[in-house]
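# Coordinate analysis (summary)
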Amino acid sequence: MAPAYGPDGAALLAVAEKCCREAAQFLRQRETAFPARAKGPLDYVTEADLAVEDRVVRALTAAVPGSAVVGEERGTRPGEGVTWYVDPIDGTGNFLRGLPLACVSVGAAVGGELVAGCVYDIFRDECFTGADGVPFQVRPPLWLPGPGTVDAPVVLTDVPLPGRVNAESLEFLGVLLDRVEVRRVYSTALSLAWVASGRADAACNLLIRPWDVAAGAALVRAAGGTYLPVGGDTPQDAPGFVAVGPGKEELAGWLAGLLAPVVRATPRGRASA
């Protein structure tokens, strides 16, 4: 059956947002702990990840029949027209420990091009949205003090990755620490949402997968920022990325140049979450 939606970013965004909100509500209503197991070194999956992905996939394919889904835990469900990228809980390690740095992330692509994204902060109840033809928004807007004057950019990165430390990644971090302010978030989707919202100047990571960045890349672009795949041609196939807010293209180029040798020196594989 043909998909119910064509390349209408607004319509796809509405579906993604509804799914993210319902998933977050499901997680917050749970009164007992979610059992967890290790998928690999420093990499975990919980019953929550599996339950949320199953719920989201059912809702997405019901809303857009025939669409494909690429999920972190359940893999790829074939389809055509629209492809959804689902990260049921980005920042599972944080979620397990009660650290308020985790989100539900759903991105949509049509013809291989990302057209819409929603990132929902589970703990803060913030919804970040954006799409082709739909400006970036944060709802409800979190109270923040008025921005001050800061000379050094703030860059969000998890490099060196736990269990993936090498000379190139240590050199990368050393250069960053000497020139910018660095924050480690361990939720790539949230990092990208915060770049889109102007809370950080840039984000960069490596050993990413499509579900890590699809929604966030759409948000950054909807906000007028720049998303650069590093080591590949698109956000869906590149193992690294750099994202910056509007007017920060020079920073993007500098970071991409620094990150490229780290990407080349780091064998592909799962990164911890």
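Residues numbered from 1 in each chain as written. Predicted model: local features only at pLDDT ≥ 70, side-chain atom pairs only at ≥ 80, totals over all residues. Heavy atoms only, no water.

### Re the sheet that holds strand β9 (residues 134–139)
Here is the rule: Only strands that DSSP links by at least two bridges are regarded as paired with each other. By the criteria applied, helices consist of DSSP H or I runs no shorter than four residues and strands consist of E runs no shorter than two, each listed in order from the N terminus. Inter-axis angles, ranging from 0 to 180 degrees, are taken between N-to-C directions of lines fitted to C-alpha atoms, where helices are fitted over the stretch in contact. In this description, contact between two residues means that some pair of their heavy atoms is separated by no more than 4.5 Å.
In space, the 7 strands of this open sheet follow the order β4-β3-β5-β6-β7-β8-β9, with mixed pairing throughout. The open sheet has two edge strands, β4 (75–77) and β9, and neither has a second partner. In this sheet, adjacent strand axes meet at a mean angle of 10° when their direction is disregarded. Judged from the 7 bridges that link them, strand β5 (residues 82–90) and strand β6 (residues 103–110) form a sheet pairing that is antiparallel. The residue bridging Y85 from the neighbouring strand is G107, located in β6. Against the sheet, helix α1 (residues 9–29) contacts β5, β6, β7 (113–121), β8 (126–131) and β9, and its axis sits at roughly 25° relative to β7.

### Some details on the packing of helix α5 (residues 188–196) against helix α6 (residues 210–222)
Rule in force here: An angle below 35 degrees is read as roughly parallel, one above 145 as roughly antiparallel, one from 65 to 115 as roughly perpendicular, and any other as oblique. By the convention adopted, Pro, Cys, Tyr, Trp, Phe, Met, Ile, Leu, Val and Ala count as nonpolar, Lys, Arg, Asp and Glu as charged, and the other residues, Gly among them, as polar.
Contact geometry for α5 and α6: axes closest at 8 Å, N-to-C directions at 0°. Here α5 is positioned roughly parallel relative to α6, judged by the angle of their axes. Contacts between α5 and α6 involve T188, A189, L192, A193, V195 and A196 from the first element and D212, V213, G216, A217, L219 and V220 from the second. Across the contact of α5 with α6, the residue classes break down as 9 nonpolar, 2 polar and 1 charged.

### A short note on the confidence of the model for the protein
Convention followed: As a per-residue measure, pLDDT reflects the predictor's confidence and takes values from 0 up to 100.
Chain-level statistics for the protein give a pLDDT mean of 90 and a share of 88% at 70 or above. For residues 1–5, every residue scores under 50 in pLDDT, and the model assigns this stretch 18 contacts once sequence neighbours within four places are set aside.

### Comments concerning the nonpolar core
Operational definition: Residues grouped as a nonpolar core are buried Ala, Val, Leu, Ile, Met, Phe, Trp, Tyr and Cys residues, joined through side-chain atoms within 4.5 Å. A 1.4 Å probe rolled over the protein chains alone gives each residue an accessible area, and that area as a share of the maximum for its type sets the label: buried under 20%, exposed over 50%, partly exposed in between.
Counting 34 residues, the largest nonpolar core has L12, L27, V56, L60 and W84 as the members making the most contacts within it. Broken down by secondary-structure element, the contributors of at least two residues to this core are α1, α2 (47–63), β5, β6, β7 and β8. Considering every element that reaches this core, the biggest residue donor is α1, with 9 residues. Setting aside chain neighbours within four positions, we find W84 in contact with L12, V15, A16, L60, V64, S67, A68, V69, V70, V106, G107 and A108. The next biggest cluster of nonpolar side chains, apart from the first, holds 32 residues, and it includes L114, V195, A203 and I208.

### Examining the packing of helix α4 (residues 167–179) against helix α7 (residues 249–265)
Using the following cut-off: Two helices crossing with the near one rotated counterclockwise from the far one by less than a right angle form a left-handed crossing, whereas a clockwise rotation gives a right-handed crossing.
The interhelical angle for the contact between α4 and α7, taken along N-to-C directions, is 160°, at an axis separation of 8 Å. Relative to α7, the element α4 is oriented roughly antiparallel. Our pair here, α4 against α7, has a crossing hand that is left-handed. Residue-level contacts link E168, S169, F172, V175, L176 and R179 of α4 to W254, L255, L258, L259, P261, V262 and A265 of α7.

### Here's the deal with the state of the cysteines
Keep this limit in mind: By convention in this document, the label disulfide applies to cysteine sulfur atom pairs within 2.5 Å.
For the structure on display, the rule yields 0 disulfides. For C19, which is in no disulfide, the shortest distance to another cysteine sulfur is to C20 and amounts to 7.1 Å. For C19, a relative accessible area of 5% gives the class buried. C20 forms no disulfide, and the closest cysteine sulfur to it belongs to C118, at a distance of 3.8 Å.

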